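What follows is each chain in one-letter form.
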Amino acid sequence: MSAIHYALRSFFRELRSGEVMVLLAAVSLAVAALTAVGFLTDRVSRAVERQANEVLAADLRLRSPDPIPTEWHELAREYELRSAETATFPTVVFSGDLSSLATVMAVSTNYPLRGQVRITEQLFTDQRIAEGIPAENTVWADAALLARLDVDIGDTISVGELEAKVGSVLTYRPDQSIGFASLAPSLILNSANLNDTGLVKTGSRVRYAFLVAGIGENVETFYQAFEQLQPASVRARSREEGSDRAITTAERAQRFLSLTAVISLLLSAVAIAMSARRFAQRRLDTVALMKSLGASQHLVISSASGQLFLLGILGVVTGSIAGFLVEKLVVGLLGEFVQTDLPPIGWGPVFLAAGSAFILLFGFAMPALMQLKNTPPLRVLRHDAMPPPISRLFIGGCSLIAVTVMLYISIGDSLMLLLVLGGVLAVAALLYIAGRILVSLLGRARTGVGIAWRYGLSNVSRRGRDSAIEVVAFGLGLTVLLLLTFVRVDLLESWQQTLAESAPDHFMINVQPDERSSIADIFRTNNQAIPEFAPMVRARMESINGEDVRERRYPMEDGQWMANREQNLSWAKSISPTNKVVEGKWWAADYAGEPLVSLEREAALELGLSIGDKLTYIIAGQKLEATVFNVREVNWDSFQPNFFMVLSPGSLDAYPSTFISGLRLAGNKEQVLTEVIRTHPTVSVIDIGSILLQVKGIIDKASLAVQVVFLFTLVAGLLVLFASVHATIDQRRFESAILCTLGARRSTVVAGVLAEFAVIGMVAGFLASLGASLLAAAITVNLFDLEYTPNMLLWAAGLIGGVTLVCASGYLALRRAISVPPVAVLRA
Amino acid sequence: MSENMNKQAVLTAKNVTKKVSSPEGTLTILSEVTFSVQKGESVALVGVSGAGKSTLLALLAGLDLPTAGEIWLGDVNLTELDEDGRAAVRASNVGFVFQSFHLLPSLNALENVMLPLELGGDGNPRGTATKIMERVGLGARLHHYPAQLSGGEKQRVAIARAFATRPAVLFADEPTGNLDSVTGEKIADLMFDLNRNSSTTLIIVTHDSSIAARCDRRLGLEAGCLVADEKKPQ
Ligand SMILES: Nc1ncnc2c1ncn2[C@@H]1O[C@H](COP(=O)(O)OP(=O)(O)O)[C@@H](O)[C@H]1O
Ligand SMILES: [Mg+2]
């Protein structure tokens, strides 16, 4: 007869049985997790990326020293991308007798492609979103510039040969943090007027940027095509002070989502493994009977595979429906954030999830199925006749290959794969060894305890390999749950820090030494916190260890750029609280010797510098030599003024310095800032509140997504615990029936079972805490670039959670078994 | 005489020995068992618990292989076949009735009876199975699942399943062991009835002396050795 026929016929009736349900749940959970997380990660990461891209005013920003050729725009159009260009240069602008240095940015029609320009008709008051760009012969200038030129809206100023009317006060442009090292007040004009200024000549310091935006894949394919023809002088995406922050947040959120996906998958994999084992074991009797009636091995294995296949299909269907609903729910929660002009979700994640689920299902069930095939028909007469055991190497190999293939297909992040998979394997090995040791120790320890414990402990030791596998399954489930919980807490905390109440929302720059006290007075009389000023000296690097910076070779492409740009130097007695020395040590607070310099870690890497190297700067025409004394890590998330290069006290005393300050303003901030600018016309105030808001937006949405996806994993974890208890239910049911028949009270049997689970839970909990701490440390540091602080709570959660979860799910799974009258079990 | 016997023998055991390894060393469960059974004969296999009856039954049906010796079912040497080969022989020539029924819980009574017919490639499994279900008196319970049947009814279904393929030999391991004596008696009646009408050879392991007494022949096992072989006086 046809195996498929038989498989089909019995499948739907067997669906109700425990092991099939658990297996089905595990499969559909894996599919749901994969589809939902797939949909979500995709959407959230695109949305996060887009928001981060606002800092660039585009999805891709290409910087060029030369004017943007029109072919670039044509190429962008070919890839259905929108494009724009900017030309930025410093110049002095005039109004009557007054003049001021300004950063002029000429923008083309579509600017900005991401984010919005905000303008107002009155200083520091309600701003509105600008529609389009300034009309021809009109400029939008920021408040500081207007103050310095003493002009108002409607007045005319000269930019080179161009006479332009001031249309609005420029309060925000999305890309203002790019190059805000250039610090001069800024002004936007229409690129149609660029040539009218007469300032664009050969040798003038104009920097051009080409901006594109559109659907993610198109941007990528465009860039691939572009790379073929781009001149070497073009740099993609400026990475300058300040622009990294939003991107880091976005990347971390994405990584966490992928991590969650990986872990949900691993958990479902364990659940599938446990229930697939039982699925096969439960079929032993049926197979033996079929064989005694004359069924061939082929028929046996193909009908079991057929059922497994049906189960897979059912799991994929229910799982993708669930995944789809969850995605809808989360997208609803996240609202507009993820919905803006994204391509509709496709079948991609569903296929991927279905494929992975089948790989997992068959990878884990295969060894059990092979064993099933070899069931001796003798089993119909001797119930203890078992198929020959299968090599553990084979089982391990099959499962490992299945998991790795699946993870590789679904997550491209190889570092994460290596860390998580390697870590989990190591933990699993540890758990197995510990499980075996536990088993043999308990075998000896079981005399000298009460009946319940003796029964429980002897159970653990007698079941040997099964008990060890239980410890592994429980332990792994717990490990990844703990891992995810605590990495998540760390991540959310680091984000919280970013949004700390004290994070500055304005920067005040270009403050002269003698202006500090008068500015402080303004703050004091307005009941605002007195700003702290950090000194800043503009410098260029001339040589490194005597070698010209222009000729030197750098380990990274960015080093060249870093060495040749203008540097902002600062000095400090003590290290800023948002910095941490990672190499060497900070100088003594009273140090007054030869100039020393502290380098930011990335800068040191890019420039290829280490402690003891000698840097020569040119500051206002004079040379200064400083020795690298330590390397420092900067928490850019803090939004405090920070510097790539900080010198020792006194080093910069001889040079003209200005001061910079991060401000957190409350209440009457328009009034305070207007007063500062009116009374100190050379001081600039930059509003970074908008960037902060932008980052906060990303963080809020990303944390929500993280929490929702985390729930999934929690469910998967509980399922694993349940599945691993469920796997031994038959035997336990039989044993407790026998014990009851022998006169044991139900409470004794229950206590015995609980004793057994308590021991397993404790060992698993302990090892899971250990494994999770180590893995969490590796992951927070390597994947999230965050600091890891050991957490006692994790250990408490591991141990208490281990014991209670294992006991509770064990009790739940066995409750029925224990309450059935013993006869029913023994006669069945 | 012996030539005549060999011609009609449907089942032959030649010097069958079964040894198993155990923690205490090698155990000999059966040693040098030799006998042969005629077509249509009914044989009771008796002996105390642990004597080796089930082991012998398993070997005779090809469920397991002997350590030494040969087993012939008709003109097929079971000991020379691989597992699938023995399964194919069972599908067409052998039926089973077990002490604990062994019905598949996920199939209903009719489907359980259809199972060996389908495995054996019967042209009309449903029709054949329905007919035989009527013969065992369960024509009204075709679509009931095992869980909905009493012990006696389950064993009737099992007997229907065993006879459905009209096997040459039917093996029964303590078929009434799980039933009360009245039900057991009825089950025995049914088996002997079918045995007579379809000239199937019957091999029954039993502790029930009244069943043993109804068989044509009694084989006695003791500690793995054949110690008695008595024909019922005609
Ligand atoms: N595979 C085996 N391993 C160990 N002992 C076995 C095995 N098969 C049978 N025995 C032992 O051989 C003896 C005979 O078993 P069995 O044939 O089941 O006896 P019974 O006559 O009660 O049916 C018993 O003591 C049984 O425990
Ligand atoms: Mg027996």
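Our structure's up above, just so we're on the same page.
Keep in mind the model is a prediction, meaning the values are calculated, not measured.

How each quantity is defined
Residues numbered from 1 in each chain as written. Chains lettered and ligands numbered in written order. Predicted model: local features only at pLDDT ≥ 70, side-chain atom pairs only at ≥ 80, totals over all residues. Heavy atoms only, no water. Helix = DSSP H or I, 4+ residues; strand = E, 2+ residues; numbered from the N terminus. Buried < 20%, exposed > 50% of the residue type's maximum accessible area, 1.4 Å probe, protein only. Areas by Shrake-Rupley, 256 points an atom, 1.4 Å probe, with all protein chains shown as cover. Core = buried A, V, L, I, M, F, W, Y, C linked by side-chain atoms within 4.5 Å. Contact = heavy atoms within 4.5 Å. Pairing = 2+ DSSP bridges. Axes fitted to C-alpha atoms, helices over the stretch in contact; angles between N-to-C directions. Near = heavy atom within 4 Å. Polar contact = N/O pair within 3.5 Å; in protein donor to acceptor, adjacent residues only side chain to side chain. Nonpolar A, V, L, I, M, F, W, Y, C, P; charged D, E, K, R; others polar. Parallel < 35°, antiparallel > 145°, perpendicular 65-115°, else oblique. Left-handed = near helix turned anticlockwise from the far one by under 90°. Phe/Tyr/Trp six-rings, centres within 6.5 Å; stacked < 30°, edge-to-face > 60°.

Here we come to the overall build of chain A. Each helix and strand in chain A was counted, giving 23 helices and 22 strands. The buried share of chain A, taken over its 828 residues, is 57%. Total accessible area on chain A is roughly 34,300 Å²; 58% of this is exposed by carbon and sulfur atoms.

Leu 259, Ile 272, Leu 407, Ile 779 and Phe 784 of chain A together with Leu 11 and Phe 171 of chain B are the most contacted members of the largest nonpolar core, which totals 138 residues. Residues in contact with Leu 11 of chain B, not counting those within four places in the same chain, are Phe 35, Ser 36, Val 37, Leu 60, Ile 71, Trp 72, Leu 73, Phe 171 and Ile 203 of chain B. Core analysis: the next-biggest nonpolar cluster, separate from the first, contains 38 residues, Val 97, Ala 162, Ile 187 and Leu 190 of chain B among them.

Moving on, we get to the sheet that holds strand β2 (residues 25-38) of chain B. Residue and element names in this part refer to chain B. Pairing within the open sheet is antiparallel, and its four strands lie in the order β2-β1-β4-β5. What marks the edges here is a single partner per strand, and that holds for β2 and β5 (76-77). In this sheet, β5 lies alongside strand β4 (residues 68-73) in antiparallel orientation, the contact comprising two bridges. Each bridged residue has a counterpart across the sheet, and for Leu 73 the counterpart in β5 is Val 76. Here helix α2 (residues 53-60) sits on the sheet in contact with β1 (9-22), β2 and β4, set at roughly 60° to β2.

A few words on the site of ligand 1. By nearness alone, every residue bordering ligand 1 is listed as Arg 382 of chain A together with Val 20, Ile 29, Val 48, Ser 49, Gly 50, Ala 51, Gly 52, Lys 53, Ser 54 and Thr 55 of chain B. Each of chains A and B places residues next to ligand 1. Here an oxygen atom of ligand 1 and a backbone polar atom of Gly 52 of chain B are 3.0 Å apart. Across the complex, the protein chains shield 67% of the 560 Å² of accessible surface that ligand 1 would expose by itself. Of all the elements, α2 of chain B adds the most residues to the shell around ligand 1, at three residues. Split by residue class, the shell around ligand 1 holds four nonpolar, five polar and two charged.

Another aspect to go through is helix α5 (residues 125-135) of chain B. Residue and element names in this part refer to chain B. Taken together, the buried positions of α5 are occupied by Pro 125, Ala 129, Thr 130, Ile 132 and Met 133. Buried residues in α5 make contact with α4 (109-119) and α6 (151-164). Gly 137 sits one or two positions beyond α5 and adopts a positive phi of about 85°.

A few words now on the packing of α4 of chain B against α6 of chain B. Residues and elements named next belong to chain B. Between α4 and α6, whose axes approach to 8 Å, the crossing angle comes to 25°. Here α4 lies roughly parallel to α6, going by the angle between them. The way α4 lies across α6 gives a crossing that is right-handed. In contact with Ala 109, Asn 112, Val 113, Pro 116 and Leu 117 of α4, α6 contributes Val 157, Ala 160, Arg 161 and Ala 164. Looking at the contact of α4 with α6, its residues break down into seven nonpolar, one polar and one charged.

Residues and elements named next belong to chain A. All chains considered together, the criterion is met by 13 aromatic pairs over all chains. For the ring pair Phe 309 and Phe 358, a centre distance of 5.3 Å and an interplane angle of 40° mean the geometry is tilted. With Phe 309 in helix α8 (residues 297-334) and Phe 358 in helix α10 (residues 348-373), this pair connects stretches of sequence that are 49 residues apart. Given the relative accessible area of 43%, Phe 309 is considered partly exposed.

The subject of this paragraph is the sheet that holds strand β6 (residues 94-97) of chain B. All names here are of chain B. Pairing is mixed in the open sheet, where six strands are placed in the order β6-β7-β8-β3-β9-β10. On the outer flanks of this sheet lie β6 and β10 (225-231), each paired with one strand and no other. Taken pair by pair, the neighbouring strands of this sheet meet at an average axis angle of 15°, ignoring direction. The strands touched by helix α3 (residues 83-93) are β6 and β7 (169-173); relative to β6, the strand with the most contacts, the crossing angle is about 80°.

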